[in-house]
Amino acid sequence: MKKIISLKVDKQFEDSLSKNHPWIFSKKFANFKIRLKLSSVIQFLSKKSRFLAYGIFCGKDKLVSVRVLPFGQNFTRLQFLDFLISRFEERISLLEHTDSLRLLHGENDGLPGLTLDYHAGTLMFRCYDESLLLYVRFVSRAVFEVLNTRKDLHLLANNILLMNPRRTSNSSGNYKKEIRVLRGSLPETILIRYRDLKYSIRPGQQKGGIYNDIRNLRDFISENPNLYTGKSVLNLFSNNGLLSELFLQNGAESVHSIEDSQECIEVHKKNLKNPEKSIIQKLDIFRNYQKFSQEAQKKYDWIIIDPPSLTASGKDVHRAKVIYKKLIEISLGILSEEGILVVCSCSNRIHRNEFENIVGKAFSENAVNMKRIARLSPEIDHPVIREFPEGDYFKVLIYQRL
Ligand SMILES: C[S@@+](CC[C@H](N)C(=O)[O-])C[C@H]1O[C@@H](n2cnc3c(N)ncnc32)[C@H](O)[C@@H]1O
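Residues numbered from 1 in each chain as written. Predicted model: local features only at pLDDT ≥ 70, side-chain atom pairs only at ≥ 80, totals over all residues. Heavy atoms only, no water.

Caption draft 1: How the structure looks around the packing of aromatic side chains. Throughout the structure, instances matching the rule amount to 21 aromatic pairs. Aromatic side chains F29 and F57 sit 5.8 Å apart centroid to centroid with 40° between the ring planes, which places their arrangement in the tilted category. Taken together, the positions of F29 in helix α2 (residues 26–29) and F57 in strand β4 (residues 51–57) put the pair 28 residues apart, joining distant regions of the chain. For the pair F29 and F57, a shared accessibility class is recorded, and that class is buried. Between Y393 and F394, the aromatic rings sit 6.1 Å apart at their centres with planes inclined by 35°, giving tilted as the arrangement. The pair formed by Y393 and F394 is uniform in burial state, with each residue classed as buried. Ring-pair connections join several aromatic residues into one group, and the members of that group are F51, Y54, F71, F75, F80, F83 and F138. The ring of F13 carries K28 above its face, with NZ or CZ at 5.7 Å from the centroid. For R218, the ring lying beneath its charged end belongs to Y194, and the centroid distance is 5.9 Å. (Phe/Tyr/Trp six-rings, centres within 6.5 Å; stacked < 30°, edge-to-face > 60°. Helix = DSSP H or I, 4+ residues; strand = E, 2+ residues; numbered from the N terminus. Buried < 20%, exposed > 50% of the residue type's maximum accessible area, 1.4 Å probe, protein only. Lys NZ or Arg CZ within 6 Å of the ring centre and 35° of its normal.)

Caption draft 2: Spotlight on the sheet that holds strand β16 (residues 300–305). A sheet is described by the order of its strands in space; here seven strands give the open sequence β15-β14-β13-β16-β17-β19-β18, paired in mixed fashion. With partners counted over all chains shown, the strands left at the sheet margins are β15 (278–282) and β18 (370–376), one partner each. Pairwise comparison of adjacent strand axes, ignoring direction, gives a mean angle of 15° for this sheet. Sheet analysis places β18 next to strand β19 (residues 395–401), joined by six bridges and oriented antiparallel. Within β19, the residue paired with R372 across the bridge is Y399. (Pairing = 2+ DSSP bridges. Axes fitted to C-alpha atoms, helices over the stretch in contact; angles between N-to-C directions.)

Caption draft 3: The pattern of salt bridges, seen in detail. In the structure shown here, the tally under the stated rule is 26 salt bridges. The salt bridge partner of R91 is E90, with a shortest N-O separation of 3.8 Å. Accessibility expressed as a relative area gives 44% for E90, which makes it partly exposed. Where salt bridges share partners, they join R87, E90, R91 and D109 into one cluster. (Salt bridge = Lys/Arg side-chain N within 4 Å of Asp/Glu carboxyl O.)

Caption draft 4: Main features of unusual backbone geometry. Positive phi is not limited to glycine here, since S49 has a value of about 70°. Phi at E338 is positive, roughly 60°, even though this residue is not glycine. Within the element layout of this structure, E338 appears in strand β17 (residues 335–345).

Caption draft 5: Fine view of the packing of helix α10 (residues 317–333) against helix α11 (residues 352–365). Contact geometry for α10 and α11: axes closest at 9 Å, N-to-C directions at 40°. By the angle between their directions, the pair α10 and α11 is classed as oblique. Of the two elements, α10 crosses α11, and the hand of that crossing is right-handed. Where α10 abuts α11, its residues K321, Y324, K325, I328, E329 and L332 lie against E354, F355, I358, V359, K361, A362, F363 and E365. In the contact of α10 with α11, the residues fall into eight nonpolar, no polar and six charged. (Parallel < 35°, antiparallel > 145°, perpendicular 65-115°, else oblique. Left-handed = near helix turned anticlockwise from the far one by under 90°. Contact = heavy atoms within 4.5 Å. Nonpolar A, V, L, I, M, F, W, Y, C, P; charged D, E, K, R; others polar.)

Right, here's the structure in full:
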């Protein structure tokens, strides 16, 4: 760790630190006229030199200038290893059904700015800022030590990878340059397990090759085949196709998957087990869904809408609401009688209640009678904490047409 810089703060700042929010925004930090190097560890002290918190400096020009660590003044390495073990133990029950899960979920797990995903023996760290790289390396060494000594956790650390924080969404074609190998090697593909399904993912793709926050919907589908046996499914924003393949494995008559990323489509095609029941289409849904629905030859018994996050900043919220509503309205036009509509949102700037209002408005304005049959809770490897409302981002609502 770098030299620790002490910073005395006033009562107002002390009060805001006591709320345990893991971010100090640049607006607030601008008042300190101190020069700091990126990655510096700051020790916040009260006016009377009482220890308040540690933080990592990420830059005055960043939205978040400091990420606050949840450790007390005299925390030891052993305490940190115990902290990691407790996080891993919370998730162990997931291993019954899968070997692909999130081991550390950033702020929501007390480790601001970093996530750690586990895929069948490969660990993938991701951090959100260059200034956090040193801290990620510290965490990665501790994780390796824990997994090496606690074999009873049944988590292997064959490969440890770190995704470049500067990675842009369109750089996935060149993914080898985007990933640093901290230990082992970089596998081209990884075969993961979800219930009876073996699925090949590519660690260089979006979310390290698989979205696991949506496991709650995967579970719902796996556990309710009676709701779709012999029925047709339209899976919008299908990514690597795992949801589509689950439907088919459990008795759906056909699945039409739509996705715009060619890379994701290729992964989906490699995993196809029922090609005669599958259509995989490359389409920009935001631009062309209306036309698709007008030309559709049939109605679908299930439609899933799971777009990417639509609110990169606060300015996008209004536009995002319009887009969600439009996607739902178009879907209602091609949803069969008694059909099931699944609407998901990973836009963290749209609160759960607000999202339900958008969905309700789309139904009422189109005079469609829909009953909510499920509202899925976050997965245990994607916990949500009260102190960090920004981390409560993923919503899954399931409705049936009456
Ligand atoms: C939240 S993910 C969906 C995850 C998916 N439901 C699953 O089960 O893994 C959003 C997906 O939308 C795709 N996407 C982004 N923009 C798109 C567009 N304009 N048209 C179609 N797909 C798009 C992304 O490539 C990504 O795979």
